[in-house]
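Observations on chain architecture
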Amino acid sequence: MSGYLVRRLALSATAMLGVITIVFVLLHVSGDPASLLVTQDATRQDMERIRQAYGLDRPLSVQYARFIARVARGDLGYSYRQGLPVTELIADHLGATFELALASLAVAILLGVALGMAAATRRGSGVDTAAMTVALLGTSMPSFWLGLLLIIVFGVKLGWLPISGYGGWDHLVMPAFVLGGFYAAQVSRLTRTSLLEVLAQDYIRTGRAKGLRDRVVLFKHALRNAALPVLTVLGLSFGQMLGGALIVESIFAWPGMGRLAVQAVLGRDFPVVQGATIVGAAVFLAVNLTVDLVYGWVDPRLRSAAQRA
Amino acid sequence: MRRGRWRTIVALYAAAAVVLALGSGVATQAQPPRVLVVAQSADMATGDPAKNTGLATIAVLANIYDTLVHRDASLNLKPGLALSWRAVDPTTWEFKLRKGVRFHDGEPFNAETVKFSFDRMLDPKTRWPGAGALQLIKAVTVVDDGTVRFTTSQPWPSMPRFLGYYGMIVPPGYLKQNGDDALARHPVGTGPYRFVRWVKDDRVELEANPDYWGGRPKISRVVIRVIPTDAARVAELLAGSVQLANLVPPELFGALKTSSKTKLVVGKSLSVFFVIYNLVNIAKDKPLADPRVRQALNYAIDRQAILASVMHNVGTPVATFCTAVMTGCDTSIPPFRYDPGRARALLREAGYADGFDFSISGTSGTYPGDRDITLAVADQLNRIGVRARVHVTEVGVQLRAVLDRKLPEDGWFTRFTDFFGISTIIPLRAFYSPGEWSQWRPGYAPFNQLVEAAQAAPDEAKLREVSRRLQLMYKEQAPAITLFTAPNANGMSRDLEWTPRPDLELTMFDASWNRR
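All residue numbers refer to position in the chain's written sequence, counted from 1. Going through the entries in the order they are written, you letter the chains from A and number the ligands from 1. In keeping with the model being predicted, local features are shown solely for residues with a pLDDT of at least 70 and side-chain atom pairs are shown and tallied solely at 80 or more, while totals for entire chains, interfaces and linings include all residues.

Considerations on the overall build of chain A
- When you go through chain A residue by residue, the secondary structure sums to 14 helices and 0 strands.
- Starting at the N terminus, helices and strands are each numbered in turn, a helix being any DSSP run of H or I of at least four residues and a strand any DSSP run of E of at least two. Mapped in sequence order, the helices and strands of chain A form the string α-α-α-α-α-α-α-α-α-α-α-α-α-α.
- Expressed along its principal axes, the backbone C-alpha trace of chain A runs to roughly 85 × 60 × 30 Å.
- Counting over 309 residues, chain A shows a buried share of 42%.
- Long-range pairs, those at least 24 residues apart, make up 73% of the contacts in chain A with a sequence separation of at least 6. Counting other C-beta atoms within 10 Å of each residue's C-beta, where C-beta atoms are placed from the backbone, gives the exposure class: buried for 20 or more, exposed for 12 or fewer, partly exposed between. Two residues qualify as a contact pair if the distance between their C-beta atoms, derived from the backbone, is within 7 Å.

As structure tokens, then:
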């Protein structure tokens, strides 16, 4: 098991180095931070001075080597635009992102699993059709459209919920529903398929034949076995949510990582883009690793297979 | 049994809905809000005015800090931290300072603080992106506690205008004690509002400074929120949870005009939209090398039609590079009239009766209406036989190509703004051959000479005269398709009184509630 863990960690580190390198190269060939940092009143000397101050006049290889050396020391540098440490900026935005991601994950699980179960246990009925129609709408509705629709109805017309911004739980409702709803749609379809497969197994029939109540068969025997593929998708989704959900964050003015990263990209604030990418990649890899480890807990067969290996 | 449970659930939902509905009814009947909530699309980058010149940053910091010179909503110069100023000789300006002013932390303001602030701003180690605009300042000297002198490397009659926008005064004691990062996180100035709290990318909270030298602001608490999506910003206005949103794009004007709670307030503009020709080392046999062709494309544009269809009639066609509110801009010079016949005649005269290929580099979502304006311009050019195409590019890539003089297109759509409000600055940046953004190279020597003369003008009367000659020459040479002013459109709650500023600062000192 520990050997497996070490291999996975080494693989993650390589993946991260790849991500960092790609981002570094793409950023540096795509535009000039100096021209975006200054107003149109600036002179050429201003821009040259900024390039020198940030080492942007050095060869790309030198800039890359310095950057990697700094990252290895845990120093992500200072933002060009804000003059503050990148680690501080990321810390300021990570909390909001976690809140939104957790709330959205809860929506995805509760809504997705419930819809999927309802559809699977009443296969072919009106409930099944209705649940899968909702799921289809959930995946196909663009989040900016659904977001604005909710804002108009619940924010402007009814005045029940705050339209945007960061604050109490009521600020979380609409963004979590829009972000979580999208993933809930995927989860519900997957839960339905997976559950239908398990419900057709012999041991379920045996369970029913020996007189177990429907609820026990469904929750104790079927759902746990059907959970594995759902867990994989939830893990990946959670990783994506933690990377920042730009559209949802922008519509609802949620001060999360997605906005930090995109503003930095548009302003060519290299240190922030790189910092956000590194943290995003690390979080994504960590979530995936955790999901892999959780598999063992959910399915003892995998745990023993890993031990044998 | 099952039916009974459903009934309970439905009843609970209905009860919850009634409670929520009543709750919201109570909320809307509450007193008019005492807290003024302002929304802009981006956050301030830092609380330290010597670290950033971004629009969103200055818009907020103008509430916390003061400059020596203030400007009213028509950009007339007014006493700020300086009571008066005069030119002692052509290269020396003397400022008499206001007495008894204190920073929000109690530190006194005096000539030393002015010297400290300017020395810090202009020190290359500070990396202030705006330093170039004040590069003519050679030294700042303290004459006495209430008098300070600026020595410039050449005569600079417009210096007070520059100090009406740049040059926020910071507290030296606070900085020495707490360091630069402290000011970035917690700004301390002498301005009408004191900093309370900053939640990055969400809000900056301010409270009225009761000891402000200009009197206590009428509105005691201001929250400046960051709402990046235009539609959400306007939705907040319609719902009444935000009372002022700036830089509203044209497609949302309608909603603001029809709602009973909101109004659209358009301010004076310091920005002009252009399609600037790429004249970098242009060969003599190319169509754009001929001023008649460059003029022809100007005659082909129906500016009013674009303003009506894309900009909801917000904006004014301009003749040249300046707007009415800028010092020295001669508004008696008429804009190019829409005259496709004349455009075709000029093309024929120049030997391009069958038109030519013309590509435009445009952006999408960088400036209000940018993509639609560029497409409309291209369409109108096609009608006189010019085969115009638009290439939409990311703005960073476009600006880089322009700065490097490697623009692949024949022209670029852009907006030029001069926050100092001087008519001869945009030509200096955009059309003077050595100018940073200029694509007119090697350019036209008489024009360059006039731009230089404008910078050296000893007084405003001379500046006005040179500016007029420059505008006439610009119109004749036509180094760009000159369009119209960019909108300074603000959505406001009907019970808020405030005049939008041409420099887009969101100073709330002169805002008040209008309780009818």
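Having seen the structure, we can now continue with the description.
A look at the overall build of chain B
- Secondary structure assignment for chain B yields 16 helices and 20 strands.
- C-alpha atoms define the radius of gyration in this analysis, and the globule rule sets the expected value at 2.2 Å times the number of residues to the power 0.38. Compactness check: chain B gives a C-alpha radius of gyration of 26 Å against a globular reference of 24 Å for 516 residues, within 12% of the reference.
- Along the first, second and third principal axes, the C-alpha atoms of chain B reach 85 × 80 × 40 Å.
- Going through the 516 residues of chain B one by one, you find that 52% of them count as buried.
- Once local pairs closer than 6 in sequence are excluded, the contacts in chain B between residues at least 24 apart make up 69%.

Describing helix α7 (residues 143–157) of chain A
- Helix length check: α7(A) (15 residues) gives 20 Å between terminal C-alpha atoms against 21 Å at 1.5 Å per residue, within 8%.
- The angle between axes fitted to the seven residues ending at a residue and the seven residues starting there is what we call the bend at that residue. Along α7(A), the helix axis deviates most sharply at I151(A), where the bend reaches about 30°.
- Turning to α7(A), its buried residues number three or more, namely L146(A), G147(A), L150(A), I151(A) and G155(A).
- Packing partners of the buried residues in α7(A) comprise α8 (169–199) and α11 (246–251) of chain A together with α7 (230–239) of chain B. One less than the residue count of a helix, multiplied by 1.5 Å, gives the span that helix is expected to have.

Points about the pairing of strand β16 (residues 411–417) of chain B
Residues and elements named next belong to chain B.
- With 7 of its 7 residues buried, β16 lies for the most part within the structure.
- Summarising the sheet, strand β13 (residues 271–277) and β16 pair through 7 bridges and their orientation is antiparallel. Looking across to β16, one finds that S271 is bridged to T417.
- By definition, two strands form a pair when at least two bridges between them are found by DSSP. Sheet analysis places strand β14 (residues 357–362) next to β16, joined by 2 bridges and oriented parallel. From the neighbouring strand, S361 faces β16, where its bridge partner is W412.

Here's the deal with the environment of A253(A)
- Structurally, A253(A) is set in the loop between α11 and α12 (257–266).
- Along the chain, A253(A) and I163(A) lie 90 residues apart, while their C-alpha atoms are 8.9 Å from each other.
- Those residues in contact with A253(A), other than ones at most four positions away along the chain, are S164(A), G165(A), V226(B), I227(B), P228(B) and A232(B).

What about the sheet that holds strand β10 (residues 221–226) of chain B?
Residue and element names in this part refer to chain B.
- Strand order in this open sheet of 7 strands is β8-β9-β10-β1-β11-β18-β12, and the pairing throughout is mixed. In this open sheet, the two strands that pair with only one neighbour each are β8 (193–199) and β12 (262–266).
- For strand β1 (residues 35–40) and β10, the ladder comprises 6 bridges, and the chain directions are parallel. Within β10, the residue paired with Q40 across the bridge is V226.
- Under this scheme, a helix contributes an axis fitted over its contacting stretch, all axes are lines through C-alpha atoms, and angles between N-to-C directions fall in the 0 to 180 degree range. Across the sheet, helix α2 (residues 55–64) is in contact with β1, β8, β9 (203–208) and β10; its angle to β8 comes to roughly 135°.

Observations concerning the pairing of β10(B)
- Alignment of β9(B) against β10(B), held across 5 bridges, turns out to be antiparallel. Within β10(B), the residue paired with R203(B) across the bridge is R225(B).

Re the packing of α8(A) against helix α10 (residues 214–242) of chain A
All names here are of chain A.
- Contact geometry of α8 with α10 gives a least axis separation of 8 Å together with a crossing angle of 155°. As far as their axial angle goes, α10 and α8 are roughly antiparallel. The hand of the α8/α10 crossing is right-handed. Mapping the contact onto sequence places L179, Y183, Q186, V187, L190, T191, S194, L195, V198 and L199 in α8 and A222, L223, N225, A226, P229, V230, V233, L234, S237 and M241 in α10.
- Considered class by class, the residues forming the contact of α8 with α10 number 15 nonpolar, 5 polar and no charged. Roughly parallel means an angle under 35 degrees; roughly antiparallel, over 145; roughly perpendicular, 65 to 115; everything else is oblique. Here a crossing is taken to be left-handed if its near helix is turned anticlockwise relative to the far helix by less than a right angle, and right-handed if that turn runs clockwise. Any residue that is not Ala, Val, Leu, Ile, Met, Phe, Trp, Tyr, Cys, Pro, Asp, Glu, Lys or Arg is counted as polar, Gly included; the first ten are nonpolar and the last four charged.

A short note on the interface of chain A and chain B
- With 45 residues of chain A at the interface, the matching set in chain B holds 47 residues.
- Counting only elements with at least two residues in the side of chain A that touches chain B, the list comes to α2 (33–37), α3 (44–53), α5 (86–121), α7, α11 and α12 of chain A.
- Per-element tally for the side of chain A that touches chain B: the top contributor is α3(A), with 6 residues.
- Its residues assigned to classes, the side of chain A that touches chain B shows 21 nonpolar, 15 polar and 9 charged.

Examining the sheet that holds β16(B)
Residues and elements named next belong to chain B.
- Read from one edge of the open sheet, 5 strands run β15-β14-β16-β13-β17, paired in mixed fashion. What marks the edges here is a single partner per strand, and that holds for β15 (387–392) and β17 (480–485). On average, adjacent strands in this sheet sit at an angle of 25° to one another, irrespective of strand direction.
- The sheet strands contacting helix α12 (residues 370–383) are β13, β14, β15, β16 and β17, and the helix crosses β15 at an angle near 165°.

Notes on unusual backbone geometry
Residues and elements named next belong to chain B.
- Cis geometry marks the peptide bond from R441 to P442, where omega comes out at 0°.
- Turning to its location among the elements, P442 is positioned in the loop between α14 (425–430) and α15 (445–455).
- Positive phi, normally seen in glycine, also occurs at R127, with a value near 60°.
- For R127, a count of 19 C-beta atoms within 10 Å corresponds to the partly exposed category.

Regarding the packing of helix α6 (residues 126–140) of chain A against α8(A)
Residues and elements named next belong to chain A.
- The geometry of α6 relative to α8 is characterised by a closest axis approach of 8 Å and an angle of 135° between their N-to-C directions. The angle between the axes of α6 and α8 places the two elements in the oblique class. The chirality of how α6 crosses α8 is left-handed. Packed against α6, whose contacting residues are A131, A135, G138 and T139, the element α8 presents G181, F182, A184, A185, Q186, S188 and R189 at the interface.
- Within the contact of α6 with α8, the residues separate by chemical class into 5 nonpolar, 5 polar and 1 charged.

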